[in-house]
Amino acid sequence: MRVDRFLSNLPRFNRQQVRLLLVEKRVRIDGKIVSDPHAEVREFSRVEVNDEVLQTGKPLRHFMLHKPAGCVSATRDPQHPTVLDLIHEPDRDDLHIAGRLDFNTTGLMLITNDGSWSRRLTQPQTKLPKVYYVETEQVIGPEYAITFMQGLYFAFEDLTTQPAGLELLGPKSARLSIVEGRYHQVKRMFGHFDNKVMRLHRESMGPLVLDDRLKPGEYRPLSDEEIALI
Ligand code: URA
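Calculation notes
- Residues numbered from 1 in each chain as written.
- Predicted model: local features only at pLDDT ≥ 70, side-chain atom pairs only at ≥ 80, totals over all residues.
- Heavy atoms only, no water.
- 1 Å grid on protein atoms, 1.4 Å probe; cavity = no way out; pocket = protein on both sides within 12 Å on 5 of 7 lines; lining within 4 Å.
- Points joined across faces, edges and corners; volume = space filled by probe spheres on them.
- Helix = DSSP H or I, 4+ residues; strand = E, 2+ residues; numbered from the N terminus.
- Nonpolar A, V, L, I, M, F, W, Y, C, P; charged D, E, K, R; others polar.
- Domains from an automatic or database assignment.
- Near = heavy atom within 4 Å.
- Polar contact = N/O pair within 3.5 Å; in protein donor to acceptor, adjacent residues only side chain to side chain.
- Areas by Shrake-Rupley, 256 points an atom, 1.4 Å probe, with all protein chains shown as cover.
- Sits in = over half its atoms within 2 Å of the grid points.

Any empty space left between atoms is shown by rolling a water-sized probe over those atoms. Taken as a whole, the largest pocket holds about 460 Å³ of empty space. Forming the walls of the largest pocket are 24 residues, and the residues nearest its centre are Arg100, Tyr132, Gly181, Arg182 and Arg202. Put simply, the parts of the chain that give the lining of the largest pocket at least two residues each are strand S8 (130-136), helix H5 (185-191) and strand S13 (197-205). Empty space within the second largest pocket amounts to approximately 300 Å³. As for the second largest pocket, its lining consists of 14 residues, of which Leu54, Thr56, Leu60, Asp114 and Ser116 are closest to the centre. Listing elements by their share of the lining of the second largest pocket, those giving two or more residues are strand S4 (52-56) and helix H3 (115-122). If one sorts the elements of the lining of the second largest pocket by residue count, S4 sits on top with 4 residues. Of the residues in the lining of the second largest pocket, the class split is 5 nonpolar, 5 polar and 4 charged. Three or more residues apiece are contributed to the lining of the second largest pocket by two domains, here domain 1 (3-55) and domain 2 (62-221).

Here's what the structure looks like:
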């Protein structure tokens, strides 16, 4: 696509601004300043305007991992295996995790090099429900669902959690849907009732559901349709 069309397709620039950006030599393609409006932008060209990267120049990649217990949601850890150790892909260092899980939590983890996609997925304003399967030490009482729906006060952050939905599955198991991702949120919510979470497994994040063909530790690329859902 021509660079002038590429830029004016972005919501932030109109055609006149694009002309000016090119004349003022503020646009780079693959590191080289361009002023010709016909210059070609390809799918994997790197495009910068005023040193801001508008297109990375690398293919965007999105993966779904079934996180096993006993690994850290970090890119590096001196002691334990990390979720990125499970990903065998070129340019692994460019990847990041969209929505961390605790060491022993299992389930859906999304890994990508697409910063704006992961921001949309995790920013609190999006209010995407994250659904967890929970097993607890003590019986889950009927009062839990009411308290979780009303919101719980977290003194450390000085906030009240957003309404969360609890569906009882058994005396000590439930499915919980939360729209935020506060630090140890699920454990703290059950901790309010002095009930320890024994097993925690993330089933879905918004419309993205863990593929049940993936065993713990396995991953697969997201389909174009899945990527477009976010
Ligand atoms: N809430 C928790 O407490 N732990 C997780 O891993 C995810 C949500």
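Further notes follow.
Our focus in this paragraph is the site of the ligand. Neighbouring the ligand are the residues Leu101, Asp102, Thr105, Tyr132, His184, Gln185, Val186, Lys187 and Leu200. Between the ligand and the protein, one listed contact pairs a nitrogen atom with a side-chain N or O atom of Asp102 at 2.7 Å. With the chains in place, 95% of the 240 Å² that the ligand exposes on its own is no longer accessible. Its atoms largely coinciding with the cavity grid, the ligand occupies the largest pocket. For the shell around the ligand, the element with the most residues is H5, which contributes 3 residues. The class makeup of the residues in the shell around the ligand is 4 nonpolar, 3 polar and 2 charged.

Honestly, it's all geometry; don't read function into it.
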